[in-house]
Amino acid sequence: IAAFLTGIVGPALYLVINKVIIKRSLKKKCKVREAIVDTTIINNELDQIRDEFEGDRVWISQFHNGGNFYPTGKSIQKFSIFYEVMSNGVSSVAHTFSNIPCSLYPKTFEVLMDGKGIFINDYKDPSIATYGLKQAAEAVGTKSSFMIPLFTLDDKFMGTIGLDYVGKKRKLTKDEWEHFQIKAGRIAGYLSLIHISEPTRQAEI
């Protein structure tokens with residue numbers, strides 16, 4: 001518990017405090033302005049990850065309700081990339097991964113839902129499992145990808161953070177992978193805290 005509070009909740013609270021400071025400087029309350037503040041804080045975190053790991057693209061996807069099935073009325077579970085930063089000259093994938101049914105990537109989410117990360121250092125290596133992601137990755141020029149599931153503070157699977165390499169393939173060391181997990185936990189904690197008292201688009205799967 002102590003390790004969890006130190007490693008996740010503490011850093012997440014720091015981001016929340018940073019948000020409060022920015023909001024006070026802006027003075028007027030506005031939902032659009034508040035959303036921009038949240039996006040700025042998260043994108044700054046993603047930029048730090050991209051710089052530290054010398055990546056080409058860092059993104060966060062989250063689950064949301066994408067409508068209802070007919071005639072049962074059951075919610076359709078989808079995901080979209082809501083946050084993304086890229087290096088100069090690297091294309092965005094947010095428009096490609098918008099309102100995507102989770103059912104199209106069952107292998108990917110089966111692994112992530114169990115709390116495991118996805119470690120693909122070379123999409124062209126036939127000995128490496130790509131969990132159904134190879135076609136989409138190669139379509140946008142991605143050579144290596146590393147993904148970590150994001151969980152709320154009450155352990156609900158809410159999304160994924162991804163680190164992509166486009167210019168050249170890359171293999172993370174054990175220390176880098178663990179550091180990336182710490183960064184992911186920090187962001188997951190922040191997303192959980194800012195959504196506690198706000199309606200969200202995400203849904204449990």
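How each quantity is defined
Residues numbered from 1 in each chain as written. Predicted model: local features only at pLDDT ≥ 70, side-chain atom pairs only at ≥ 80, totals over all residues. Heavy atoms only, no water. Buried < 20%, exposed > 50% of the residue type's maximum accessible area, 1.4 Å probe, protein only. Helix = DSSP H or I, 4+ residues; strand = E, 2+ residues; numbered from the N terminus. Arc of directions from axis to C-beta. Pairing = 2+ DSSP bridges. Contact = heavy atoms within 4.5 Å. Axes fitted to C-alpha atoms, helices over the stretch in contact; angles between N-to-C directions. Phe/Tyr/Trp six-rings, centres within 6.5 Å; stacked < 30°, edge-to-face > 60°. Lys, Arg positive; Asp, Glu negative; His and termini not counted. Salt bridge = Lys/Arg side-chain N within 4 Å of Asp/Glu carboxyl O. Expected span 1.5 Å × (residues − 1). Core = buried A, V, L, I, M, F, W, Y, C linked by side-chain atoms within 4.5 Å.

S.K.: Break down helix 3 (residues 106–113) for me, citing the residues and quoting the values.
M.R.: Three or more residues of helix 3 are buried, namely T108, F109, V111 and L112. Looking straight down helix 3, one finds its buried side chains confined to an arc of 160°; they lie on one side. The exposed residues of helix 3 that point more than 90 degrees off its buried face are P106, K107 and E110. Looking one or two residues past helix 3, G115 carries a phi angle of roughly 85°, positive in sign.

S.K.: Any chance you could break down the pairing of strand 1 (residues 57–68) for me, citing the residues and the numbers?
M.R.: Note that strand 1 and strand 2 (residues 75–86) share 10 bridges and pair antiparallel. Residue pairing for strand 2: R57 is matched across the bridge by M86. Between the end of strand 1 and the start of strand 2, which pair antiparallel, lie 6 residues, with G73 showing a positive phi angle near 80°. For strand 1 and strand 6 (residues 157–165), the ladder comprises 6 bridges, and the chain directions are antiparallel. Pairing of W59 across the sheet is with G162, part of strand 6.

S.K.: With reference to specific residues and values, describe the sheet that holds strand 4 (residues 118–120).
M.R.: The sheet built from 6 strands is open, its strands ordered 3-2-1-6-5-4 with antiparallel pairing. Bordering the open sheet on either side are strand 3 (100–101) and strand 4, each of which pairs with just one other strand. Here helix 2 (residues 31–53) sits on the sheet and contacts strand 1, strand 2 and strand 6; the angle it forms with strand 2, its principal contact strand, is near 65°.

S.K.: Please give an account of the packing of aromatic side chains that cites residues and values.
M.R.: Tallying each qualifying case throughout the model produces 13 aromatic pairs. Ring geometry for W177 versus F180: centroids 6.2 Å apart, planes at 65°, classification edge-to-face. Here F180 and W177 lie together in helix 5 (residues 174–195), a separation of 3 residues that amounts to about one turn.

S.K.: Could you give me a rundown of the environment of G115, with the residues and numbers involved?
M.R.: Relative to the helices and strands, G115 resides in the loop between helix 3 and strand 4. Residues G115 and F151, 36 residues apart in the sequence, show an inter-C-alpha distance of 8.6 Å. In this structure, G115 is in contact with P149 and F151, ignoring residues within four places of it in sequence.

S.K.: For the side chain of D56, give the residues involved together with the corresponding values.
M.R.: For D56, the location among the structural elements is in the loop between helix 2 and strand 1. In this structure D56 is buried but unpaired, with R50 as the nearest side chain of opposite charge at 7.1 Å. Setting aside chain neighbours within four positions, we find D56 in contact with R50, V85, M86, S87, V90, D164, Y165, V166 and G167.

S.K.: Please give an account of helix 2 that cites residues and values.
M.R.: Between its first and last C-alpha, helix 2 extends 33 Å over 23 residues, near the 33 Å set by a 1.5 Å rise per residue. The first or second residue beyond helix 2 is E54, which carries a positive phi of 50°.

S.K.: Outline the pairing of strand 5 (residues 144–151), supporting the account with residue identities and numerical values.
M.R.: Counted residue by residue, strand 5 has 7 buried out of 8 residues, so it is predominantly covered. Pairing geometry for strand 4 and strand 5, over 3 bridges, is antiparallel. Across the sheet, the residue bridging to F119 is F146, located in strand 5. Sheet topology note: the strand 5/strand 6 ladder contains 8 bridges and is antiparallel. What sits directly across from M147, in strand 6, is G162. Hairpin connection from strand 5 to strand 6: 5 residues lie between these consecutive antiparallel strands, with D155 at a positive phi of about 70°.

S.K.: Tell me what's going on with the nonpolar core, and back it up with residues and numbers.
M.R.: Of all hydrophobic cores here, the largest spans 26 residues; its most connected members are L46, I60, I161, F180 and L191. Going through the elements one at a time, helix 2, strand 1, strand 2, strand 5, strand 6 and helix 5 are the ones with two or more residues in this core. In terms of residues, this core owes the most to one element, helix 5, which gives 8 residues. If we ignore the near neighbours within four places in the chain, the residues touching L191 are I42, I60, Q62, Y83, L150 and M158. I81, I100, C102 and V111 belong to the second-largest nonpolar core, a separate cluster that totals 22 residues.

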